[in-house]
Amino acid sequence: MKDQSKNKTDKEDLKWVRKARDGHIKSFEKLVLKYQKRIYFAVRKIILDHDDTNDIVQDTFIKVYSNLDQFNEQFSFYPWLHRIAINTTLNFKAKSSRMRVFSNHSEEDDVKRSIQSTENPLEEVIEAEFKERISEALKKLPFDQRMVFILRTSEDLSYQEISEQLDISIGTVMSRLSRARANLKELLLK
Amino acid sequence: MSCSDFKNKIELYIDNELSQEERNQLESHLLKCPHCAKELTNLEAINSIGKSKPFGEPEPAYWQQLTQTIMQNIPKPRKKASRLKEVFENLQGILLKGKISYRLAGLVATAVIIFFIIRIGFDDRRKMMLPDEVGVEDAVKQIEKQQFSKESEMKVASKETIAKERQTQQTGKTPSTVKETKISPKSIVINDPKHRALELDQPAIESADIPIVAEGEVRASQGKSTSEAPPSLSEATPLSKKKMRNFSIQPAAANLDQEESEKNQMLAEYSRDLLGAMKKHEVDSSKVRFNEAMMNSLKENQFYEKQKIWETYIKTEANLNYIKAAKYQQALLYYNLAKKTNKKEDIQQALNFYFQNEDLLFSGANPNSVKKQIDELETLLKILEKNEK
């Protein structure tokens, strides 16, 4: 059943990719609408900042469109898109030396919004506090460790896939993952 | 297996990186060991952090805006491709379904179109290249051509020598010697006024076995009008100083292969001309000195001698960015030696060098390459140590 739905998704994506290659912009827009949230959250968990995530997601889709000719139709579209997103994130991080501009978007607003939308404010306050603690703990993780941790736990990539994606050895993947978990444990138990 | 062995496997277990047999063993152990079971629970809880969204979702309007911004910024659609596609589709229709005369005409038309596309593509590529890239490409081709002709001449010369020796043996007469052709790098584009190497902001010397700082990297390392600050040490992966082991052994001398040394000689001669031109045009003296050191290093075959050259250069250099570039060249020498010999002592020596100079290396122009090299060496070392056990 899972394979059938996966095949259906792949066929649909391929149809849109082919049309987009031919210049049908609306088809590309369908791909953007389908995957932008997923890519946003994948990147946001690594980068944490909303504005930076916004820039990276935009760059990702622009790169994807510019390189549609290079997409190998034998493989699924999303992993290719995800790979470009991660590379864009890495490049962003490597180049980023700009001063942090004061953002209009407050992360506290994100948390408050999630409280207001529910029926049980007390539970949500507790959950919001917990989320904030997790967010703080993730922020304190070194970028390299956070990247590997998110790719493993959130994006479900194997050690081999992470190793290829980040161009590091499997030993390094395991070591960074282990340190990330140990650090998170320490930070959350404080 | 002891409890600590099982404990080490718990992370692999939750990451689905164990074989079925190992999974079964661990699961049996977990049923009996409350400590390991607790460790598993803790790790699963930590893992769930990754799956959670520790921040709220943006407002719905944000997604519409995001889509709009992306669609506004993508390049314009490829009408040319679709037009071409239409032409091909029409041709295809004629070839498959049309009358014989039309099919023949279609075949001829297809062949002509393909010919021109290939021709235009080749010309476009040349036009798109900068004059200096064309010059460099021509230079590389010339070097390769001359090297090939040198090699073939050497082969011919050796064959002739053998033949003449035989002749001498047979007849007792000494034949005339073979005239050796000398490759002059001056015949390469350096004297070509179109060649813009001087205007390129780089030490234009390259070596196959010693990758040097590329143009962009040197520019960054020089700190010239870039908006990018070098990555801070806190962003770089902190190196484990526990792994540092003190070695007082002198670096092992390593001979390069004959072919590599010949190539380096040619590059050294090429760079000598470039250096002369740089001095003449009073290019920044640090850059001149750096290129001089690079040229001298390329001429040397011995690892120890090359290291000495860089050490001497570093002692006389005041410009920190060039010192960092030189340290990187030194690190590469250690790295290449370790990769070549695959010996534990060479790998440890290389890692020592990286750890001792981590400040300069990670704040230089190639922090990512440095990280990559360290990772590689550490992995190699682990494999060697594992094999020893």
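Computed from a prediction, not measured in an experiment: that's the story for all the values here. (Residues numbered from 1 in each chain as written. Chains lettered and ligands numbered in written order. Predicted model: local features only at pLDDT ≥ 70, side-chain atom pairs only at ≥ 80, totals over all residues. Heavy atoms only, no water.)

S.K.: Explain the overall build of chain B to me, using residue names and the numbers behind them.
M.R.: Looking only at helices and strands, chain B features 15 helices and 0 strands. A buried classification covers 37% of the 389 residues belonging to chain B. For chain B, restricting intrachain contacts to residue pairs at least 6 apart in sequence, the fraction spanning at least 24 positions comes to 65%. Surface accessibility of chain B: about 24,200 Å² in total, with carbon and sulfur atoms responsible for 54%. (Helix = DSSP H or I, 4+ residues; strand = E, 2+ residues; numbered from the N terminus. Buried < 20%, exposed > 50% of the residue type's maximum accessible area, 1.4 Å probe, protein only. Contact = heavy atoms within 4.5 Å. Areas by Shrake-Rupley, 256 points an atom, 1.4 Å probe, with all protein chains shown as cover.)

S.K.: Explain the overall build of chain A residue by residue, including any values.
M.R.: Looking only at helices and strands, chain A features 9 helices and 0 strands. For chain A, the sequential pattern of α-helices and β-strands runs α-α-α-α-α-α-α-α-α. Expressed as a percentage of the 190 residues in chain A, the buried residues total 46%. Restricting the contact set of chain A to residue pairs at least 6 apart, pairs at least 24 apart contribute 66%. With the model as given, the accessible surface of chain A reaches about 10,300 Å², and the carbon-plus-sulfur share is 51%.

S.K.: Any details on the packing of aromatic side chains? Residues and values, ideally.
M.R.: All names here are of chain A. Following the criterion strictly, the structure yields 17 aromatic pairs over all chains and no others. Note on Phe77 and Trp80: the rings are 6.0 Å apart at their centroids and 55 degrees apart in plane angle, and the pair reads as tilted. Of the two residues, Phe77 and Trp80 both sit in helix H4 (residues 77-95), 3 residues apart, roughly one turn of that helix. Judged by relative accessible area, which is 2%, Phe77 ranks as buried. Clustering of aromatic rings is evident, with ring pairs tying together Tyr35, Phe71, Phe77, Tyr78 and Trp80. Over the aromatic face of Tyr78 sits the side chain of Arg38, whose NZ or CZ is 3.7 Å from the ring centroid. (Phe/Tyr/Trp six-rings, centres within 6.5 Å; stacked < 30°, edge-to-face > 60°. Lys NZ or Arg CZ within 6 Å of the ring centre and 35° of its normal.)

S.K.: Can you lay out the environment of A:Leu187 for me, pointing to particular residues and giving the numbers?
M.R.: Residues and elements named next belong to chain A. Within the fold, Leu187 resides in helix H9 (residues 170-189). Distance from Leu187 to Leu138, taken between C-alpha atoms, is 9.0 Å for residues 49 residues apart in sequence. In contact with Leu187, other than residues within four places in its own chain, are Arg133, Ala137 and Lys140.

S.K.: Just give me the short version of helix H10 (residues 285-299) of chain B, but keep the residues and values in it.
M.R.: For the α-helix, the turn length of 3.6 residues means that residues three or four positions removed from each other point alike. Compared with the 21 Å implied by 1.5 Å per residue over 15 residues, the 21 Å span of H10(B) between its first and last C-alpha is a close match. Within H10(B), the full set of buried residues consists of B:Ser286, B:Lys287, B:Val288, B:Phe290, B:Asn291, B:Ala293, B:Met294, B:Met295, B:Ser297 and B:Leu298. (Expected span 1.5 Å × (residues − 1).)

S.K.: A description of the interface of chain B and chain A should follow, citing residues and the corresponding values.
M.R.: In this assembly, 45 residues from chain B lie in contact with 55 residues from chain A. Across the chain B/chain A interface, buried area totals approximately 4,800 Å², and carbon plus sulfur atoms make up 59% of it. Along the contact surface separating chain B from chain A lie 7 salt bridges. B:Asp375 is the salt-bridge partner of A:Arg176, the closest N and O atoms lying 3.8 Å from each other. On the surface where chain B and chain A come into contact, there are 17 residue pairs in polar contact (both at pLDDT 80 or more). (Buried area = accessible area lost by both parts, 1.4 Å probe. Salt bridge = Lys/Arg side-chain N within 4 Å of Asp/Glu carboxyl O. Polar contact = N/O pair within 3.5 Å; in protein donor to acceptor, adjacent residues only side chain to side chain.)

S.K.: Talk me through the nonpolar core; I want residue IDs and the actual numbers.
M.R.: Note on soluble globular proteins: their nonpolar side chains tend to be buried together. Core analysis: the biggest nonpolar cluster contains 71 residues, and A:Phe28, A:Phe61, A:Phe77 and A:Phe149 have the highest contact counts within it. When residues in this core are grouped by element, the largest group, 10 residues, is from helix H2 (residues 25-47) of chain A. If sequence neighbours within four positions are ignored, A:Phe77 has contacts with A:Asp13, A:Val17, A:Leu31, A:Tyr35, A:Val64 and A:Phe71. Of all hydrophobic cores here, the second largest spans 34 residues; its members include B:Ile309, B:Tyr313, B:Leu332 and B:Leu361. (Core = buried A, V, L, I, M, F, W, Y, C linked by side-chain atoms within 4.5 Å.)

S.K.: Quick one: what's the story with the side chain of A:Asp49, residue by residue and with numbers?
M.R.: Residues and elements named next belong to chain A. Tracing the backbone through its elements, the reader meets Asp49 in the loop between H2 and helix H3 (50-66). From its side chain, Asp49 meets the backbone nitrogen of Asp51 in a polar contact 3.2 Å long. At 2.9 Å, the side chain of Asp49 forms a polar contact with the backbone nitrogen of Asp52.

S.K.: Kindly report on helix H1 (residues 3-14) of chain B, identifying the contributing residues and their values.
M.R.: Residue and element names in this part refer to chain B. If you check H1, its first and last C-alpha atoms are 17 Å apart, about what 12 residues at 1.5 Å a residue would give, namely 16 Å. What H1 keeps buried is the set Phe6, Lys9, Ile10, Glu11, Leu12, Tyr13 and Ile14. Phi turns positive one or two residues past the end of H1, at Asn16, with a value near 55 degrees.

S.K.: Would you mind going over the layout of surface pockets in detail, with residue names and values included?
M.R.: Residues and elements named next belong to chain A. Here the second largest pocket defines a volume of roughly 760 Å³. Among the elements of the structure, helix H1 (2-21), H2, H4 and helix H8 (159-166) are those that each provide at least two residues to the lining of the second largest pocket. Broken down by class, the residue content of the lining of the second largest pocket amounts to 8 nonpolar, 6 polar and 10 charged. (1 Å grid on protein atoms, 1.4 Å probe; cavity = no way out; pocket = protein on both sides within 12 Å on 5 of 7 lines; lining within 4 Å. Points joined across faces, edges and corners; volume = space filled by probe spheres on them. Nonpolar A, V, L, I, M, F, W, Y, C, P; charged D, E, K, R; others polar.)

S.K.: Help me get a handle on the pattern of salt bridges, residues and values and all.
M.R.: Taken as a whole and assessed by the stated rule, the structure comprises 18 salt bridges over all chains. Two residues, B:Lys9 and B:Glu22, come together in a salt bridge whose shortest N-O distance is 3.0 Å. Here B:Lys9, found in helix H1, pairs with B:Glu22, found in helix H2 (residues 20-32); they are 13 residues apart in sequence, far enough to count as distant. When salt bridges that share partners are traced, they join A:Arg152, A:Asp156, A:Arg181, B:Glu11 and B:Asp15 into one network.

S.K.: Quick one: what's the story with the confidence of the model for chain B, residue by residue and with numbers?
M.R.: Residue and element names in this part refer to chain B. Of the residues in chain B, 49% reach a pLDDT of 70 or more, and the chain-wide mean stands at 68. Put simply, helix H8 (residues 215-221) is where chain B has its lowest mean pLDDT, 37, and helix H4 (residues 60-73) is where it has its highest, 92. Across residues 128-137, where pLDDT falls below 50, the model places 11 contacts with residues more than four positions away in sequence or in other chains. Confidence drops under pLDDT 50 across residues 174-254; counting only partners more than four residues distant or on other chains, this segment forms 152 contacts. (pLDDT = per-residue confidence, 0-100.)

S.K.: How would you summarise the confidence of the model for chain A if you had to cite specific residues and measurements?
M.R.: Residues with a pLDDT of 70 or more make up 81% of chain A, whose mean pLDDT is 83. Under a pLDDT of 50 for its full length, residues 97-117 of chain A has, in the predicted model, 31 contacts with residues more than four places off or in other chains.

S.K.: Provide a residue-level description of the packing of H4(A) against H8(A), including the pertinent values.
M.R.: All names here are of chain A. Contact pair H4 / H8: the axes reach a minimum separation of 10 Å and the direction vectors enclose 50 degrees. Accordingly, the angle class assigned to the pair H4 and H8 is oblique. Note on packing geometry: the crossing formed by H4 with H8 is right-handed. Here His82, Arg83, Ile86, Asn87 and Leu90 of H4 come into contact with H8, specifically with Glu164, Gln165 and Leu166. When the residues that make up the contact of H4 with H8 are grouped by side-chain class, the tally is 3 nonpolar, 3 polar and 2 charged. (Axes fitted to C-alpha atoms, helices over the stretch in contact; angles between N-to-C directions. Parallel < 35°, antiparallel > 145°, perpendicular 65-115°, else oblique. Left-handed = near helix turned anticlockwise from the far one by under 90°.)

S.K.: An account of unusual backbone geometry is requested, with residue identities and associated values reported.
M.R.: The phi torsion at A:Asp167 lies on the positive side, around 60 degrees, for a residue other than glycine. As for its position among the elements, A:Asp167 is in the loop between H8 and H9. For A:Asp167, a relative accessible area of 46% corresponds to the partly exposed category. In the Ramachandran plot, B:Asn16 falls in the positive-phi region, its phi being about 55 degrees despite a non-glycine side chain. Take B:Asn16: it is sitting in the loop between H1 and H2.

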